[in-house]
Protein chains: 6
Amino acid sequence: MTSSTRDDGRADDQLRDVRITRGWLDHAAGSVLVEFGRTRVLCAASASEGVPRWRKGSGLGWVTAEYAMLPAATNTRSDRESVKGRIGGRTHEISRLIGRSLRAVVDYRALGENTIQLDCDVLQADGGTRTAAITGAYVALADAVSHLRSTGALTGEPLTGSVAAISVGIIDGVPRLDLPYTEDVRADTDMNVVMTGDGGFVEVQGTAEGASFSRAELDALLALAEKGCADLTRLQREALAGEPAGR
Amino acid sequence: MTSSTRDDGRADDQLRDVRITRGWLDHAAGSVLVEFGRTRVLCAASASEGVPRWRKGSGLGWVTAEYAMLPAATNTRSDRESVKGRIGGRTHEISRLIGRSLRAVVDYRALGENTIQLDCDVLQADGGTRTAAITGAYVALADAVSHLRSTGALTGEPLTGSVAAISVGIIDGVPRLDLPYTEDVRADTDMNVVMTGDGGFVEVQGTAEGASFSRAELDALLALAEKGCADLTRLQREALAGEPAGR
Amino acid sequence: MTSSTRDDGRADDQLRDVRITRGWLDHAAGSVLVEFGRTRVLCAASASEGVPRWRKGSGLGWVTAEYAMLPAATNTRSDRESVKGRIGGRTHEISRLIGRSLRAVVDYRALGENTIQLDCDVLQADGGTRTAAITGAYVALADAVSHLRSTGALTGEPLTGSVAAISVGIIDGVPRLDLPYTEDVRADTDMNVVMTGDGGFVEVQGTAEGASFSRAELDALLALAEKGCADLTRLQREALAGEPAGR
Amino acid sequence: MTSSTRDDGRADDQLRDVRITRGWLDHAAGSVLVEFGRTRVLCAASASEGVPRWRKGSGLGWVTAEYAMLPAATNTRSDRESVKGRIGGRTHEISRLIGRSLRAVVDYRALGENTIQLDCDVLQADGGTRTAAITGAYVALADAVSHLRSTGALTGEPLTGSVAAISVGIIDGVPRLDLPYTEDVRADTDMNVVMTGDGGFVEVQGTAEGASFSRAELDALLALAEKGCADLTRLQREALAGEPAGR
Amino acid sequence: MTSSTRDDGRADDQLRDVRITRGWLDHAAGSVLVEFGRTRVLCAASASEGVPRWRKGSGLGWVTAEYAMLPAATNTRSDRESVKGRIGGRTHEISRLIGRSLRAVVDYRALGENTIQLDCDVLQADGGTRTAAITGAYVALADAVSHLRSTGALTGEPLTGSVAAISVGIIDGVPRLDLPYTEDVRADTDMNVVMTGDGGFVEVQGTAEGASFSRAELDALLALAEKGCADLTRLQREALAGEPAGR
Amino acid sequence: MTSSTRDDGRADDQLRDVRITRGWLDHAAGSVLVEFGRTRVLCAASASEGVPRWRKGSGLGWVTAEYAMLPAATNTRSDRESVKGRIGGRTHEISRLIGRSLRAVVDYRALGENTIQLDCDVLQADGGTRTAAITGAYVALADAVSHLRSTGALTGEPLTGSVAAISVGIIDGVPRLDLPYTEDVRADTDMNVVMTGDGGFVEVQGTAEGASFSRAELDALLALAEKGCADLTRLQREALAGEPAGR
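Here the structure is a predicted model, which means the values were calculated and not measured.

Cut-off values and rules
- Residues numbered from 1 in each chain as written.
- Chains lettered and ligands numbered in written order.
- Predicted model: local features only at pLDDT ≥ 70, side-chain atom pairs only at ≥ 80, totals over all residues.
- Heavy atoms only, no water.
- Least-squares fit on C-alpha atoms with pLDDT ≥ 70 in both.
- Contact = heavy atoms within 4.5 Å.
- Helix = DSSP H or I, 4+ residues; strand = E, 2+ residues; numbered from the N terminus.
- Expected span 1.5 Å × (residues − 1).
- Buried < 20%, exposed > 50% of the residue type's maximum accessible area, 1.4 Å probe, protein only.
- Buried area = accessible area lost by both parts, 1.4 Å probe.
- Salt bridge = Lys/Arg side-chain N within 4 Å of Asp/Glu carboxyl O.
- Polar contact = N/O pair within 3.5 Å; in protein donor to acceptor, adjacent residues only side chain to side chain.
- Nonpolar A, V, L, I, M, F, W, Y, C, P; charged D, E, K, R; others polar.
- UniProt positions renumbered as here; feature names shortened; annotations may be inferred.
- Pairing = 2+ DSSP bridges.

A separate point is the relation of the copies chain D and chain C. Each copy superposes on the other: chain D lies on chain C with an RMSD of 0.0 Å after a rotation of 180° and an axial shift of 0.0 Å. The relationship between the two copies is best expressed as a two-fold rotation axis. For chain D, the residue whose C-alpha comes nearest the rotation axis is serine 82 of chain D, separated from it by 1.8 Å. Most of the interface of chain D is mirrored in chain C, where 100% of its interface residues again form contacts.

Here it is in structure tokens:
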């Protein structure tokens, strides 16, 4: 891996500035504004008693997620999916990814028959919106769990660990961590990796954009992602150690 | 009108704390985070060359608006309209109101064949979201117009004035300005008033929630609204006089 | 206010010919064909036992309304909303307005757990369709209430009064009552006013189509509307005093 | 075939009272309120220059139809298809049937590149709505053609004949003509027949509701239908011979 | 009726090669791949306990059907209805026809509160897809009934007979049986006939594509259809007498 | 990794019986029935001149794919997406995956402004439907390309290689290749891998179903997938070497 220069001066294995602002909303049980550089995602965790019909009486809880993008979040305004009357494939795909990622660290029995709904709304997009969403949503989820515990709605610990996510890619033959939009569009290979706080893999999604990629390239990307997720795990822990800043 | 005590200590004819933060987004031609107390609306103005098909070749521009609410904006989470696959009547109604209000101060000929699309997304709702949206959208529109002028896309002045909006209502017999959610649900009569910066009426929408209202009550509400819109006009002017704060 | 000449020879404060034909349909509990000049709206009130789920067990009834326009009602044929697969903003808005207007004179407790659904279908449109719809729907509602009383479904009086609606507007600087389409499109300011039979305001919706309007103009329009609603109230009373004509 | 008594005293081969009122609407090129007893359908023919994209430049015209039912037309109110967001199978089926039936008597070349859109809206339903719709739509179509000729939009004769339709069915073993709702629900076999004015068949749609039907029964129903369509053809001709009554 | 030569050398009253392959799927209670020449329809019968809500507690079963066409089934690829978000009129119409046809030979009481859902998916289309679907669906239904009997879900005989369907049409003045696509598009009159195994009529749907048709032509077509349905009934009986071939 | 016994007697690194039947349909430019054990997917490639609007005039072709499942393909019947009126997230996700996978081996310039649309319809599902679809779709695509070459629609070679896909997973701690449904539901980790014929990675999608997975487990799964894709590449080559069997 040769050294390279990124537009924003970062090292190839360096995250963008990450900011995790807890308590950004007044109503939700947990809420986080998460920023990966200029990418800005508002993650809200709404808790409600009860579970979907197919799960009633099981004693088990449920966690689900929805992802969406504001029209003006991107460089060129995109149409609203509510106006189009249908949700696009990309939105569906990311909503499902976020939900699966969070559920990987949830003990449904300890959650009891409560539902936590995560809403990840991209206010501004500059690459990596799904990884920022997962990283922020975990913190909002942790706050919602604390809230439920404080109200007596649950007593045990429904979180079996933490979860974070990062994008990696190969640009001009060089593996890089945490791609902004300008790098993302130039990447030959693009990978999103979701990991638990103790280093286990939850999701690995790699895609060849142009040529296919070799096993060696895959290994290099995985190593970068492990480094990035470890950094994010530390930032999540620090954010949760402090007081919610609010807005 | 007897004196009364409001939960937040305001006088009956006093606005909540209003904050207008320009330049909140990087991509949009104009963007404003507007806050009326805890109500928080992100207003983005996207400019594009050309106009809808039915207006092509007319030499006239177009301004339109869409309003939406994030699911976690309200006390109890509401379902996404994109997931439901249809836009509700309330959303339609408010989108149309915002569009009409802004168009009241636009000179289409001076705008030329450009379109400005306003997106007003409620991040947090505590009453008065439509009036905050109109008030903030005007500022975003003004910034978008300046942006178009700076790029040479237009030369004249397409704005014939400013526009602002406020809610008024009768609570326990007392007319009050700028209702938060807790007052809104208790109001007998609820009115939204949109006015130009020089004191003309653009929209008057009054609704009896319980008993009908008298002409005298209507007059009292209109007077309050005139006061509130004048205050907002001043705040808009101050915001536009400064530098965009960005985020 | 200077004198003016209207295309149809009416005085500025004069209604068009209003006809209210009760019993136009055989099945509905109440039905009215209401005509304001060439505007023709079929209003049907269907009564059913029970209320929507969210209201069950409350002891309270429910009244709701839907407005629609036949494709050939307008000058140029308009597409069916059922074919387009979605209801437009204007339709939503008017349906909601009619529902709110009628509910202003309903005592839900006296209605008991019954639902009355008003359907207002515009057979021919020549301006003022929403005001004709409200005016006719009230009469259909009154007939449906009588029907429910005759079948023993209710005993008290769920109607606390009557309700009627009229449009007013400023054309070439002159305030006028009950605008046909040709005046409506030329109006600078357009207002719809809904009032109870005893002179209270239920809805006031004024919109500047071109320039904004002054407080004096607003006052003049309100005065005209008060006159028009009083006339309509009298016509409703006369219609209800007679036998249903049927068709 | 034994003699039988019908609830309304008609002979088995007798039509209900049929009324065809031309010119019921002011805007449409042709419009007819057609009544088969208590079944009441408003048929409007809207003419417009040009044809759908797939037919452009062919020199051929187009005729199409849409059928719908008002919510309160039936005994028990039915939901609006626009509110449900989709058109039901029955509606689709009938719209297609009406369009095919009318097109059977249209010479597209003589029509030129004009489109005539028929809207058949059922105001009140008491059986036979589709056959009333076809019978009335033909008259509206004929009026629209005259209108186009009067404006110089066409010169030749695009109608190659007339078309009418009637329902027949077997009730308690007895074949009957023109079934009202109460007979329709009791019919073992139900058939709709569309014929040209000179006695050709355009559509034959027979359905066994309970037991299957024999060839002899089929023959008896066809004979009845031939009689009914001949009667309707005469009534159409009489209606078209007079002046449009208007409303 | 003069003799004629068909492209595929068949006599005018001869079916195409018909193949009925039972047990084509592993999961469904009954499944059949039915082929009328190159037309190929996969018919699956899924059985489930219980009936739709409106039928619960009646002791009666339910049989329903859905028809669809794969995009590449036709000469030119057609768009998916799931992608378009709405089902077309033709699909609705045929689904309804198949359901009615099968229900004509079902004794709901003997079926008990069980539902059998028929799915008829056209894998390849060459004319006559609806008639092949009905003919094959009956066999799949019979297998599903046997399956329910073998599991003890029912004891009696819910099938009161068999049902089959065939297309007939007039091509260049000659009545012909079982039209492939090339004949179908040239037909002046096109008729689909559904009959029970003992020769009763269930559905007769005749359509004039160009000129109207005479009573004599109608009679000739009915005779042909009676012959074709009798042939199909024999083929169904033979198929059900053997062992399911599987695939 | 201990040795294990699979229900179907396969070795852990062994594919199910794979059958690739070319020419299964008459109309499509290429068509394949691909079977991975009991999983059966019909892949059709439809070729058409021209490209989507956004690509016109670029000289580049386009390849896209749609995936769907017949209602009776699964153990328990699933509802049609056309009837529900919307496509689910899983369907969207797989359609996008197939499209990306095929595009990895397409040279758009050599394809010229032609579009090839792949339709992958699951007739029967027993695990691995998306991997069977990709593997079969490649063969259908190759046949469609040959077809285009034979008609003179293109001259060069738009395929830069082949592509195949396989599922792998960890069941009770043991990595296994090509999971049927019964293994899929028990898998702790589930991975789909798409590779080119020369051993490059196109897509890697691994998901922890229960606990997260380690880097060592990930490596073992990748090795298995490399073996499986190599086997499939050989089978694809053999299939393309023969004559299309047709059906």
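This part covers helix H4 (residues 129–150) of chain C. All names here are of chain C. With 22 residues, H4 should cover 32 Å at 1.5 Å per step; its first-to-last C-alpha distance of 31 Å lies within 8% of that length. Of all 22 residues making up H4, 18 are buried, and the element is well covered by its neighbours. Trailing H4 by a residue or two, glycine 152 shows a phi angle of about 80°, which is positive.

Let us look at the interface of chain D and chain C. On the chain C side, the residues contacting the 35 residues of chain D number 35 residues. Summing both partners gives a buried area of about 3200 Å² for chain D against chain C, and 49% of it is carried by carbon and sulfur. Across the chain D-chain C interface, the total number found is 12 salt bridges. We note a salt bridge from arginine 77 of chain C to glutamate 66 of chain D, for which the minimum N-O separation is 3.2 Å. For the pair chain D and chain C, the number of links is 17 residue pairs in polar contact (both at pLDDT 80 or more). The set of elements that each furnish at least two residues to the side of chain D that touches chain C consists of strand E2 (30–36), strand E3 (39–49), strand E4 (62–69), helix H1 (81–84) and strand E5 (114–124) of chain D. Per-element accounting of the side of chain D that touches chain C gives the leading share, 6 residues, to E5 of chain D. Among the residues making up the side of chain D that touches chain C, the classes are represented as 15 nonpolar, 8 polar and 12 charged.

Turning to the UniProt feature "domain: Exoribonuclease phosphorolytic" (unreviewed entry) in chain A, a few remarks are in order. Feature annotation in UniProt assigns "domain: Exoribonuclease phosphorolytic" (unreviewed entry) to the following positions: residues 14–144 and 162–228 of chain A. Spanning residues 162–228 of chain A, this segment combines 27% helix with 43% strand, and its end C-alpha atoms are found 14 Å apart.

A word on the interface of chain D and chain E. Facing 28 residues of chain D, the contacting portion of chain E comprises 28 residues. The interface formed by chain D and chain E contains 6 salt bridges. Measuring nitrogen to oxygen at the nearest pair gives 2.7 Å for the salt bridge that ties glutamate 93 of chain E to arginine 96 of chain D. One can count 14 residue pairs in polar contact (both at pLDDT 80 or more) joining chain D with chain E. Residue assignment for the side of chain D that touches chain E shows that the elements contributing at least two residues are helix H2 (89–103), strand E9 (201–208) and helix H6 (215–241) of chain D. It is E9 of chain D that provides the largest number of residues to the side of chain D that touches chain E, a total of 8 residues. Looking at the side of chain D that touches chain E residue by residue, the class counts come to 9 nonpolar, 11 polar and 8 charged. Where E9 of chain D meets strand E9 (residues 201–208) of chain E, 5 bridges bridge the pair, whose relative direction is antiparallel.

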